[in-house]
Amino acid sequence: MWTVVYMAHSQEDADKIRTILSEEGFLVKIRPIGKEENRVYEVLVPNGEVEEVHEVLIDLGV
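These figures come from a predicted structure and were not determined experimentally.

1. Quick look at the overall build of the protein
Here comes step 1: The secondary structure content of the protein amounts to two helices and three strands.
Here comes step 2: Along its sequence from the N terminus, the protein presents helices and strands in the succession β-α-β-β-α.
Here comes step 3: In terms of overall size, the protein behaves like a compact globule, its C-alpha atoms giving a radius of gyration of 11 Å where 62 residues would be expected to give roughly 11 Å.
Here comes step 4: Taking the principal axes of the C-alpha coordinates as reference, the protein spans close to 30 × 25 × 15 Å.
Here comes step 5: For the protein, with 62 residues in total, the buried portion stands at 32%.
Here comes step 6: Put simply, of all contacts in the protein between residues at least 6 apart along the chain, 60% involve residues at least 24 apart.

So this is what it looks like as structure tokens:
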């Protein structure tokens, strides 16, 4: 199962988070939600990695 760890308001922001987390060794998926004009992007990681990912995001000030 995958868990949302971040909601980005643009594809560019979601890609930045994915790059950071991937470089740290995490598996990451991006899922667009909503209609094109109001779209947000969910950043998902496997359930077992959620706590570690949150620590990385907090350390980076994200």
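Structure shown, so let's carry the discussion forward.
2. Side note on the sheet that holds strand S2 (residues 29–33)
Here comes step 1: If you walk across this open sheet you meet the three strands as S1-S3-S2, and the pairing is antiparallel. The sheet is open, and its two edges are formed by strand S1 (2–8) and S2, each paired on a single side. Mean inter-strand twist for the sheet, computed between neighbouring axes without regard to direction, equals 35°.
Here comes step 2: Where S2 meets strand S3 (residues 40–46), five bridges bridge the pair, whose relative direction is antiparallel.

3. Some remarks on the side chain of Glu-42
Here comes step 1: Relative to the helices and strands, Glu-42 is located in strand S3.
Here comes step 2: A distance of 2.7 Å separates polar atoms of two side chains, one belonging to Glu-42 and the other to Arg-31.
Here comes step 3: Discounting chain neighbours no more than four positions away, the residues touching Glu-42 are Val-4, Tyr-6, Met-7, Lys-29, Ile-30, Arg-31 and Ile-33.

4. What about the pattern of salt bridges?
A side chain of one charge can pair with a side chain of the opposite charge if their charged atoms are brought near each other.
Here comes step 1: What the rule picks out here adds up to three salt bridges.
Here comes step 2: A salt bridge links Lys-16 to Glu-12; its shortest N-O distance comes to 3.5 Å. A residue pair is termed a helical-turn pair when its members lie 3 or 4 positions apart in one helix, as Lys-16 and Glu-12 do in helix H1 (residues 11–23) at four residues.

5. Concerning the nonpolar core
Here comes step 1: Grouped together as the largest cluster of nonpolar side chains are 15 residues, with contacts concentrated most on Val-5, Leu-21, Val-28, Val-43, Val-45 and Val-53.
Here comes step 2: The leading source of residues in this core is helix H2 (residues 50–59), at four residues.
Here comes step 3: Here Val-28 is in contact with Trp-2, Arg-18, Leu-21, Ser-22, Val-43, Leu-44 and Val-45, once residues within four sequence places are set aside.

Criteria and thresholds
- Residues numbered from 1 in each chain as written.
- Predicted model: local features only at pLDDT ≥ 70, side-chain atom pairs only at ≥ 80, totals over all residues.
- Heavy atoms only, no water.
- Helix = DSSP H or I, 4+ residues; strand = E, 2+ residues; numbered from the N terminus.
- Rg over C-alpha atoms; globule rule 2.2 N^0.38 Å.
- Buried < 20%, exposed > 50% of the residue type's maximum accessible area, 1.4 Å probe, protein only.
- Contact = heavy atoms within 4.5 Å.
- Pairing = 2+ DSSP bridges.
- Axes fitted to C-alpha atoms, helices over the stretch in contact; angles between N-to-C directions.
- Polar contact = N/O pair within 3.5 Å; in protein donor to acceptor, adjacent residues only side chain to side chain.
- Salt bridge = Lys/Arg side-chain N within 4 Å of Asp/Glu carboxyl O.
- Core = buried A, V, L, I, M, F, W, Y, C linked by side-chain atoms within 4.5 Å.

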